[in-house]
Amino acid sequence: MILSLYIARRFFTMFLMVFAGFFAVLFLIDMVEEIRRFADQGLSLAATAELALLNTPQSAYRILPMTVILAAIALFLALARSSELVVIRASGRSALSMLGAPLVAALVIGAIAVTVLNPIVAGTAKQYEAKSSRYKHGEENVLSVSREGLWLRQGGPDGQTVIRAARANSDGTTLYGASFTTFAPESGPVSRIDAAEATLSDGAWLLKEAKRWHFMLGANPERDATYYEVFRLASDLTADQIRESFGAPSTIPIWELPAFIDSLERAGFSARKHNVWLQMELALPLLLVAMVLVGAGFTMRHARSGRTGMMVLMAIISGFAIFLLRNFAQVLGENGQIPVALAAWSPPLAAALLSLSLVLHLEDG
């Protein structure tokens, strides 16, 4: 137990050092990118630093598997150079039993990442998108999905229009049971339109079976209401803007993701992308375990065996290949080419089994 705690502590230390190094480098790179991106807006250094600080956690979280494999490589190289690997083997412990401590540590890191870091990253990513959009474009069009249906907001010369619909088609260009409430810039609501169906086409909503009320002082909105078979309401929204308004699944905390997926499906949208992301987050601890096994398979050997640099390079290349394979499987899963579970779980499972077989081969010949 003492030896296992010692190895686990060394692994945690290596992981924190590598993670801090990556975070600092990514922050500096993102700082330069934010200065270039918002050069025309004249943002202060403090504002760009805030944007970079909000965006860096998402980047650092995305490369967490590479951070773990580098920490594993650093750990086993340090143990080999100090001859601690020789002493551990001489004490009668096998390589697999010695790997138990860093594997459990990787599982703990994965569990903390999914349960704690994921909501933090989602919050910072959401704040970054909101602030960068406000700095770049000013007021933004917003889409929100809830149990009551979906909500849209669009700007216009007459003010903001809030759109509520019971459900929609897959790309959000056709709304069913929709209502459009227009708010004047300096006052409250000025009009409302209810429609059985609303279709976005050529820069306008085409409302079918619509009823329009005007809210004016001293008037009777119901008495003066107007009925239309088809009513055209100008809009600056596009189908791409509506789809992009959902944001990335990474901006939604994992604790809220299942409920959001249910709301999305009830509203009529496809939640496949969010389902893939949810399953991939749940599979993250297994992926981190696979990365530790890959690092051990190539570098858990005596320093005098030679070719250390080549082994380290092969371990990094293997980890990068697994990382790319995972991203490729994610794309296939989001496009419906392969099942969601296969896209999320097959890369880490295959990587863990292959790297485990490599460790067994090197240990037992």
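Criteria and cut-off values
- Note that residues are indexed from 1 along each chain, following the sequence as it is written.
- With the structure being a predicted model, the display of local features is reserved for residues of pLDDT at least 70 and the display and counting of side-chain atom pairs for 80 or more, all residues being used for whole-chain, interface and lining totals.
- The side-chain numbers reported here are obtained from all heavy atoms of the structure, hydrogens and water having been left aside.
- Numbering of helices and strands starts at the N terminus; helices are DSSP runs of H or I of at least 4 residues and strands are runs of E of at least 2.
- The rule is short: rings of Phe, Tyr and Trp, with Trp giving its six-membered ring, pair when the centres are within 6.5 Å, and they are stacked under 30 degrees, edge-to-face over 60, tilted in between.
- For every residue, the accessible area (1.4 Å probe, protein chains only) is compared with the maximum for its type, and the residue is labelled buried under 20%, exposed over 50%, or partly exposed between those bounds.
- Here, a charge over a ring means that NZ of Lys or CZ of Arg falls within 6 Å of the ring centre while also lying within 35 degrees of the ring normal.
- Think of a nonpolar core as a cluster: buried Ala, Val, Leu, Ile, Met, Phe, Trp, Tyr and Cys residues, connected wherever their side-chain atoms sit within 4.5 Å.
- To estimate how far a helix should extend, the number of its residues minus one is multiplied by 1.5 Å.
- The term bend refers to the angle at a residue between two fitted axes, each drawn through seven residues, those ending there and those starting there.
- In this description, a line fitted to the C-alpha atoms serves as the axis of each element, helices being fitted only across the stretch in contact, and the angle between N-to-C directions of two axes falls anywhere from 0 to 180 degrees.
- Note on terminology: angles under 35 degrees are roughly parallel, angles over 145 are roughly antiparallel, angles of 65 to 115 are roughly perpendicular, and the others are oblique.
- By definition, any crossing whose near helix is turned counterclockwise from its far helix by less than a right angle is left-handed, and any crossing with a clockwise turn is right-handed.
- The contact rule is simple, with two residues in contact once any of their heavy atoms fall within 4.5 Å.

Novice: Just checking my understanding: could you explain unusual backbone geometry for this structure?
Specialist: Working note: non-glycine residues mostly have negative phi, and peptide bonds are mostly trans. In this model, aspartate 202 sits at a positive phi of 55°, which is unusual for a non-glycine residue. Tracing the backbone through its elements, the reader meets aspartate 202 in the loop between strand E6 (189–201) and strand E7 (204–214). A positive phi angle, near 55°, is found at glutamate 209, a position not held by glycine. When you line up the elements, glutamate 209 lands in strand E7.

Novice: Hey, could you run me through the packing of aromatic side chains in this one?
Specialist: For the coordinates displayed, the defined rule picks out four aromatic pairs. Each ring, one from phenylalanine 19 and one from phenylalanine 23, has its centre 6.3 Å from the other, and the planes form 35°; the classification is tilted. Of the two residues, phenylalanine 19 and phenylalanine 23 are both situated in helix H1 (residues 2–37); the distance of four residues between them amounts to about one turn of the helix. Relative to phenylalanine 231, the ring of tyrosine 228 has its centre 4.7 Å away and its plane inclined at 50°; by these criteria the two rings are tilted. The exposure class assigned to tyrosine 228 is partly exposed, which follows from its relative accessible area of 27%. When the ring centre of tyrosine 176 is taken as reference, the NZ or CZ atom of arginine 167 above it lies at 4.4 Å.

Novice: Got a minute to help me understand the nonpolar core in this structure?
Specialist: If you look at soluble globular proteins, the nonpolar side chains tend to sit buried side by side. By size, the foremost hydrophobic cluster in this structure holds 59 residues, and its most contacted members are Phe11, Phe76, Leu99, Leu284 and Met300. Broken down by element, this core gets its largest block of residues, twelve residues, from helix H3 (residues 64–81). Counting 19 residues, the second largest nonpolar core, distinct from the first, contains Leu152, Phe180, Leu200 and Leu207.

Novice: Could you clarify how one ought to interpret helix H2 (residues 45–62) in this entry?
Specialist: Each turn of an α-helix holds 3.6 residues, which means side chains three or four residues apart point in the same direction. Under the 1.5 Å per step criterion, the end-to-end length of H2 is 26 Å for 18 residues, consistent within 8% with the ideal 26 Å. Of all the bends in H2, the greatest, near 30°, is centred on asparagine 55, and the proline proline 57 appears no more than four residues after it. For H2, every residue scored as buried is listed here: Ala47, Thr48, Leu51, Ala52, Leu54, Asn55, Thr56, Pro57, Gln58, Ser59, Ala60 and Tyr61.

Novice: What am I meant to see in the packing of H1 against H2 here?
Specialist: To characterise two packed helices, one gives the angle between the axes of the helices and the distance between these axes. It is the contact of H1 with H2, at a shortest axis distance of 8 Å, that shows an interaxial angle of 135°. With respect to each other, H1 and H2 are oriented oblique. The handedness of the crossing between H1 and H2 is right-handed. Contact residues: H1 offers Phe19, Phe23, Leu26, Phe27, Asp30, Met31, Glu34 and Ile35, while H2 offers Leu45, Thr48, Ala49, Leu51, Ala52, Leu53, Asn55, Thr56, Pro57, Ser59 and Ala60.

Fair warning: the whole summary comes from geometry, so function is off the table for now.
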